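Next come the chains, spelled out residue by residue.
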Amino acid sequence: MLIQKFGGTSVGSAQRIKDLTKLVVNSTPKIVVLSAMSGTTNSLVEINNALYTKDTVLANELISKLKTKYEKEISELYSKPESLAKAKDLIHNHFEYIKNFTLDMFTANEEKAILAQGELLSTAMFHFYLEEIGVNSVLLPALNFMRIDANDEPDMAYVEANLIAELKKYPNAILFITQGYICRNAFGEIDNLKRGGSDYTASIVGAAIRSEEIQIWTDIDGMHNNDPRIVNKTHPIKELSFDEAAELAYFGAKILHPTCILPAQKRNIPVRLKNTMQPEAEGTLIANIDSKEGIKAIAAKDGITAINIKSDRMLLAHGFLRAVFEIFERFKTSIDMITTSEVAVSLTIDNDKNLNEILKELKEIAVVEVEKDQAIICIVGNLSKEKHGYGFKVMESLKDIPLRMVSYGGSANNISVLVSADKKKGALMALNKGIFNY
Ligand code: ADP
Ligand code: ASP
Ligand code: MG
């Protein structure tokens, strides 16, 4: 069974939803994973913020505005009065549900329940549309099978057992639709896989049913060699190994959710990135391949905090690094980059939720300096250790950019440098010129 995931822009208007049928309706059995219509999750975040600050007037205003948008979309999407009436009921019910929270206590659980409405709406709207044009499909509620555990990791055994049980209820169906992004947590409450998480849903679902391929359909023709939002000239990459794609996703290539490669990689399921607006374009194949040698792409991750930890003894005596890492482990904070010298270790984190507590404990064993607003620039490819010149090329391209940290050799796929966030654009442009001659 094939997995096809369509992102926000691919379901961003009535016309786009209609156009999906060209890609979805055929004889190949598949599960279609949909995001919310583009802009919806951002609007739901704004509604949550208004509810959180108890600004009921603003919350109601934002809810009405979003509801009006949906009323307009359904009037364009359906031509039969019975479908339109059904869709009107659907919109009414979801927005009444959201409105209830303006009267009630508002907690983190409700916030997640509100965020789930976008995907619930888009999938039901598509399902009704297929019904109107006479195409059979089954709407699978993701909340019945998608679950994360107490560490926010997908509970694969649960997902697999429950998804397969859901699918078995419809032995003759070949077209299933489900929501991306939303899930239940270890307590059974509505939760989500973090922003951009529909990609993650697609790969978890694909891994759970051992799909033959996971397709991520979006608004660009595959993974490009550099961030097209920042530099002018970029090109799509035909093939990437799982490791290369995982590095790019983790280090900021927004086209993929940071952790969505792993479930597919574990079960060796190819992931294909395709452009909904230009389906004939080749896109990018991510698979277990011997990828061609050389630098393939560059990505950047913002919001990085660098921490320099200087041992107050003369040397990094044995046990010092363990003591440092244990502090980060205790606060469930992962470390992205590390460099060491004889007496100091510098590292970076992107989640600074527990930064103050971490610093307090670090200061008991070391002298600590913190620099916020940094960016990791990650240069990815098959950088075989036998060959030379890659490090030189990167450094030469970045000769005018002050580098805060450099990491090379940790994997054969990645050279990372840390720069202050205001140098990110300059660094990406310099690398585009130095490495790709743009
Ligand atoms: P969707 O809503 O379909 O999930 P996203 O906005 O999450 O789409 O991802 C697609 C966008 O990712 C593209 O429009 C592009 O601007 C951005 N992007 C950032 N880096 C890259 C890259 N290296 N290659 C392709 N797209 C990228
Ligand atoms: N709708 C969610 C978001 O905007 C999930 C996704 O689009 O992947 O983050
Ligand atoms: Mg996305």
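Residues numbered from 1 in each chain as written. Chains lettered and ligands numbered in written order. Predicted model: local features only at pLDDT ≥ 70, side-chain atom pairs only at ≥ 80, totals over all residues. Heavy atoms only, no water.

J.: Would you mind showing me how to read the sheet that holds strand β14 (residues 366–382) here?
T.: Hydrogen bonds between backbone atoms are what pair the strands of a sheet, whose relative direction is either parallel or antiparallel. The sheet built from six strands is open, its strands ordered β12-β13-β11-β14-β16-β15 with antiparallel pairing. Here the strands that pair on one side only, and so sit at the sheet edges, are β12 (335–340) and β15 (405–408). With strand direction ignored, the average angle separating the axes of adjacent strands in the sheet is 30 degrees. Helix α12 (residues 355–362) rests against β11 (294–311), β13 (344–349) and β14 of the sheet, and its axis sits at about 115 degrees to β14. Packing against the sheet, helix α13 (residues 390–397) makes contact with β11, β14, β15 and β16 (414–420), and its axis sits at approximately 20 degrees to β16. (Pairing = 2+ DSSP bridges. Helix = DSSP H or I, 4+ residues; strand = E, 2+ residues; numbered from the N terminus. Axes fitted to C-alpha atoms, helices over the stretch in contact; angles between N-to-C directions. Contact = heavy atoms within 4.5 Å.)

J.: Got a minute to help me understand the sheet that holds strand β7 (residues 214–218) in this structure?
T.: Pairing within the open sheet is mixed, and its eight strands lie in the order β3-β4-β2-β1-β7-β9-β10-β8. Among the strands making up the open sheet, the edge pair consists of β3 (138–140) and β8 (239–241). Pairwise comparison of adjacent strand axes, ignoring direction, gives a mean angle of 20 degrees for this sheet. Relative to strand β4 (residues 175–179), strand β2 (residues 30–34) is paired through five bridges, and the arrangement is parallel. Among the inter-strand pairings, V32 is bridged to a residue of β4, identified as I177. The sheet contacts of helix α1 (residues 14–24) involve β1 (2–6), β2, β4 and β7, and relative to β1 the element is tilted by about 160 degrees.

J.: What's the story with the side chain of T348 in this structure? I'm lost.
T.: In this structure, T348 sits in strand β13. For T348, the contacting residues outside a window of four places in its chain are I304, T305, A306, S334, I335, D336, M337, I376, M405 and L418.

J.: What's the story with α1 in this structure? I'm lost.
T.: One full turn of an α-helix is made of 3.6 residues, so residues set three or four places apart face in the same direction. All of the buried residues along α1 are A14, I17, L20, T21, L23 and V24. Projection of α1 onto a plane perpendicular to its axis shows the buried side chains occupying an angular sector of 165 degrees, all on one side. Close packing links the buried residues of α1 with β1, β2, α3 (56–77), α6 (117–132), β4 and β7. (Buried < 20%, exposed > 50% of the residue type's maximum accessible area, 1.4 Å probe, protein only. Arc of directions from axis to C-beta.)

J.: Whenever I open this one, the packing of aromatic side chains confuses me. Can you help?
T.: Think of a pair of aromatic rings as described by two things: how far the centres are apart, and how the planes are tilted against each other in angle. Tallied over the full model, the rule gives five aromatic pairs. Consider the rings of Y170 and F176, whose centres lie 6.2 Å apart with planes at 65 degrees: the pair is edge-to-face. On the basis of relative accessibility, which here comes to 32%, the residue Y170 falls in the partly exposed class. When the centroid spacing of 5.1 Å and the interplanar angle of 85 degrees are considered together, the rings of Y250 and F251 count as edge-to-face. One cation-aromatic arrangement involves K86 over F128; the distance from NZ or CZ to the ring centre is 4.6 Å. (Phe/Tyr/Trp six-rings, centres within 6.5 Å; stacked < 30°, edge-to-face > 60°. Lys NZ or Arg CZ within 6 Å of the ring centre and 35° of its normal.)

J.: What exactly am I supposed to notice about the side chain of T21 here?
T.: Along the chain, T21 turns up in helix α1. Overall, the relative accessible area of 14% leaves T21 in the buried class. The contacts of T21, once residues within four sequence positions are left out, are F126, Y129, L130 and I133.

J.: What should I look at first to understand the site of ligand 2 in this one?
T.: By nearness alone, every residue bordering ligand 2 is listed as S35, T41, E119, Y181, R195, G196, G197 and S198. The side chain of R195 places a nitrogen or oxygen atom 2.6 Å from an oxygen atom of ligand 2. G196 places a polar main-chain atom, nitrogen or oxygen, 2.8 Å from an oxygen atom of ligand 2. Taken by itself ligand 2 offers 260 Å² of open surface, and the protein chains cover 86% of this. Residue classes in the shell around ligand 2 are distributed as one nonpolar, five polar and two charged. (Near = heavy atom within 4 Å. Polar contact = N/O pair within 3.5 Å; in protein donor to acceptor, adjacent residues only side chain to side chain. Areas by Shrake-Rupley, 256 points an atom, 1.4 Å probe, with all protein chains shown as cover. Nonpolar A, V, L, I, M, F, W, Y, C, P; charged D, E, K, R; others polar.)

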